[in-house]
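Close look at the chain arrangement
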Amino acid sequence: MPGRSQTPSPTGSGNKQKSRDGGFSLAHGLLNKKYLREPIVSCPLPDLSGTSLRGLQRVSLTDCQKEGKVLRTKRISLYILSQAAKLLTLLIAISILSFMLVSYSPIDPIRAYIGGDMLRVSPEQRANIEEYWGLNEPRVSQYLNWANSILHGDLGTSLLYRSPVAQVIAERFVASLALMAIAWLLSGIFGFILGIIAGMKKGTWIDRLIKGYCYVLSATPTFWLGLVVVIVFSVWLGWFPIGLGTPAGILEQDVSLTDYLRHLFLPALTLSIIGVANIALHTRTKLVETLNSEFIWFAKAKGEKGLKLLWRHGLRNISLPAISLQFASFGELFGGAVLTEQVFSYPGLGQAIVEAGLGGDVPLLLGIVLFSTIFVYVGNLMADILYKVIDPRIRKEWN
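Residues numbered from 1 in each chain as written. Predicted model: local features only at pLDDT ≥ 70, side-chain atom pairs only at ≥ 80, totals over all residues. Heavy atoms only, no water.

Things to note about the packing of aromatic side chains
Applying the stated criterion across every chain, the model contains eight aromatic pairs. Plain terms: the ring middles of Phe99 and Tyr143 are 5.5 Å apart, the flat faces sit at 70° to each other, and that makes the pair edge-to-face. In this pair, Phe99 is assigned in helix H4 (residues 62-103) and Tyr143 in helix H7 (residues 139-151), connecting sequence segments 44 residues apart. When its relative accessible area of 17% is taken as the criterion, Tyr143 is described as buried. Geometrically, the ring pair formed by Phe233 and Trp239 is tilted, given 6.1 Å between the ring centres and 50° between the ring planes. (Phe/Tyr/Trp six-rings, centres within 6.5 Å; stacked < 30°, edge-to-face > 60°. Helix = DSSP H or I, 4+ residues; strand = E, 2+ residues; numbered from the N terminus. Buried < 20%, exposed > 50% of the residue type's maximum accessible area, 1.4 Å probe, protein only.)

Below you can see the structure in the form of structure tokens.
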């Protein structure tokens, strides 16, 4: 009938509106899935009235992507600024605390500087030395002068080595870096392997043996283990030198790579053995939790088992926490290096800080404290960034 054909149907209009709204929702999902994968920013869709479903996938999202990039850049910039502010605050707090502790120390820096000739020094000469080093000023003025010198790149002069503090730290850190790097790699690799073996053999004698070994190592002092290693491998067996970084009585240019490695082996072995326990126990715990997950039971139901199951489903879930924990262990690594270098008389940064503390070398002591603070903070920061980059769940929250 002519009347019916001219009257629009409310139901038909509602269906068109519903279809168009559904098309918009479908377009939003397709565009996000195709172009953004993980939505970076929520932005309104352009007006798609009159656009076919095929044309919905070709809608330009340049503005939305630009906005997402700007927001991501802002977040990264704020993260960098916040970490720099935290490091600056930490350095200020550590410097004030360290300076106060050194200032109230019973060690006399003048006596440590002069040494055995202290009895020959007259009160006038002592006063001149105090004035030269600024020790006759109030402690607040001493700290401000020291902080001002640091801001200008001058860490002072070492009283023991008669050299700039920055030069002493650079020379000693090269030796310590080789020691800590080898120990860090060995402890991470062997600890990860032992943790996997213990987790796969949960409840067996192998698991109990590895756990007992790790518990004993966790309770073992570093200096005691170093003494045992020296007695066994140097005194009884005679395989390695007792200590030092190079053979005694030989010029530095005449020392071969083999000599360096032979003197480095025992300190690195001691430091790596101590670091195995933490990573092994942590890896075992994570692997046991992963193997009890529902997706692992589903994989087992499909016939996967053994190393294939570990490689396809378990390794990634346990490697991320292990890597982060290993990077976050820089503080323990540096503390263990101090004791290890002292036992083996290894010429590294740890031995230098002990000598500076006992000898009253205030500039060197404070310089090493600040340097070690930055070293440990950078390790923790690397662990945090690495976890954000590798783990997609945390990366999504970060973005």
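A closer look at the packing of helix H8 (residues 165-200) against helix H11 (residues 257-291)
The contact between H8 and H11 brings their axes to 5 Å, and the two run at 35°. Relative to H11, the crossing made by H8 is right-handed. In terms of residue class, the contact of H8 with H11 is built from 22 nonpolar, seven polar and one charged. (Axes fitted to C-alpha atoms, helices over the stretch in contact; angles between N-to-C directions. Left-handed = near helix turned anticlockwise from the far one by under 90°. Nonpolar A, V, L, I, M, F, W, Y, C, P; charged D, E, K, R; others polar.)

Examining the nonpolar core
In terms of nonpolar packing, the biggest core is built from 35 residues, with Met180, Leu271, Leu364 and Ile368 touching the most fellow members. Put simply, the parts of the chain that give this core at least two residues each are H4, H7, H8, H11, helix H14 (330-344), helix H15 (349-359) and helix H16 (362-390). For this core, the element with the most residues is H8, which contributes nine residues. Excluding residues that lie within four positions of it along the chain, Leu364 makes contacts with Ser158, Tyr161, Val165, Val168, Ile169, Ala352 and Ala356. Grouped together as the second largest cluster of nonpolar side chains are 13 residues, Ala198, Leu225, Val230 and Ala280 included. (Core = buried A, V, L, I, M, F, W, Y, C linked by side-chain atoms within 4.5 Å. Contact = heavy atoms within 4.5 Å.)

Regarding unusual backbone geometry
We note that Arg162 has phi near 55°; this positive angle belongs to a residue other than glycine. The residue Arg162 is located in the loop between H7 and H8 in this model. For Ser345, which is not glycine, the phi torsion reads 50° and is therefore positive. Classification of Ser345 by relative accessible area gives partly exposed; the value is 32%.

With respect to the layout of surface pockets
Roughly 910 Å³ of volume is contained in the largest pocket. Residue lining of the largest pocket: 34 residues in total, with Trp133, Leu135, Gln142, Val362 and Pro363 positioned closest to the centre. For the lining of the largest pocket, the secondary structure elements donating two or more residues are H4, helix H5 (109-114), helix H6 (123-133), H7, H15 and H16. For the lining of the largest pocket, the element with the highest residue contribution is H7, accounting for five residues. (1 Å grid on protein atoms, 1.4 Å probe; cavity = no way out; pocket = protein on both sides within 12 Å on 5 of 7 lines; lining within 4 Å. Points joined across faces, edges and corners; volume = space filled by probe spheres on them.)

Overview of the side chain of Ser234
Considering the arrangement of structural elements, one finds Ser234 in helix H10 (residues 222-236). A polar contact of 3.1 Å, which involves the side chain of Ser234, links it to the backbone oxygen of Phe240. What Ser234 contacts, discounting residues up to four positions off in sequence, is Val229, Phe240, Pro241, Ile242 and Leu266. (Polar contact = N/O pair within 3.5 Å; in protein donor to acceptor, adjacent residues only side chain to side chain.)

Description of a nonpolar patch on the surface
Judged by side-chain polarity, Ile182, Leu185, Leu186, Ile189, Phe190, Ile193 and Ile197 come together as a nonpolar surface patch covering roughly 580 Å² of accessible area. Summarising the element assignment, Leu185 is placed in helix H8. (Patch = residues over 30% accessible without salt bridge, like charges linked within 9 Å, V, L, I, M, F, W, Y side chains within 5 Å. Areas by Shrake-Rupley, 256 points an atom, 1.4 Å probe, with all protein chains shown as cover. Salt bridge = Lys/Arg side-chain N within 4 Å of Asp/Glu carboxyl O.)

Some remarks on H10
Compared with an ideal rise of 1.5 Å per residue, which puts 15 residues at 21 Å, H10 spans 20 Å between its outermost C-alpha atoms and is within 8% of the ideal. At Val230, H10 is bent by approximately 25°, the largest bend along its length. The secondary structure elements touched by the buried residues of H10 are H11 and H14. (Expected span 1.5 Å × (residues − 1). Bend = angle between axes of the 7 residues up to and from the residue.)

Description of the side chain of Ser372
Position of Ser372 relative to the elements: it lies in helix H16. Under the relative-accessibility criterion, Ser372 is labelled buried at 12%. A polar contact of 2.8 Å, which involves the side chain of Ser372, links it to the backbone oxygen of Val369.

Focus: the confidence of the model for the protein chain
Residue-level pLDDT values for the protein chain average 76, and 78% of them are 70 or greater. Segment residues 1-42: pLDDT under 50, and 32 contacts once partners within four positions in sequence are set aside and those in other chains are kept. Low confidence marks residues 51-60, where pLDDT is under 50. Its contacts with residues over four positions away, or in another chain, come to 15 contacts. (pLDDT = per-residue confidence, 0-100.)

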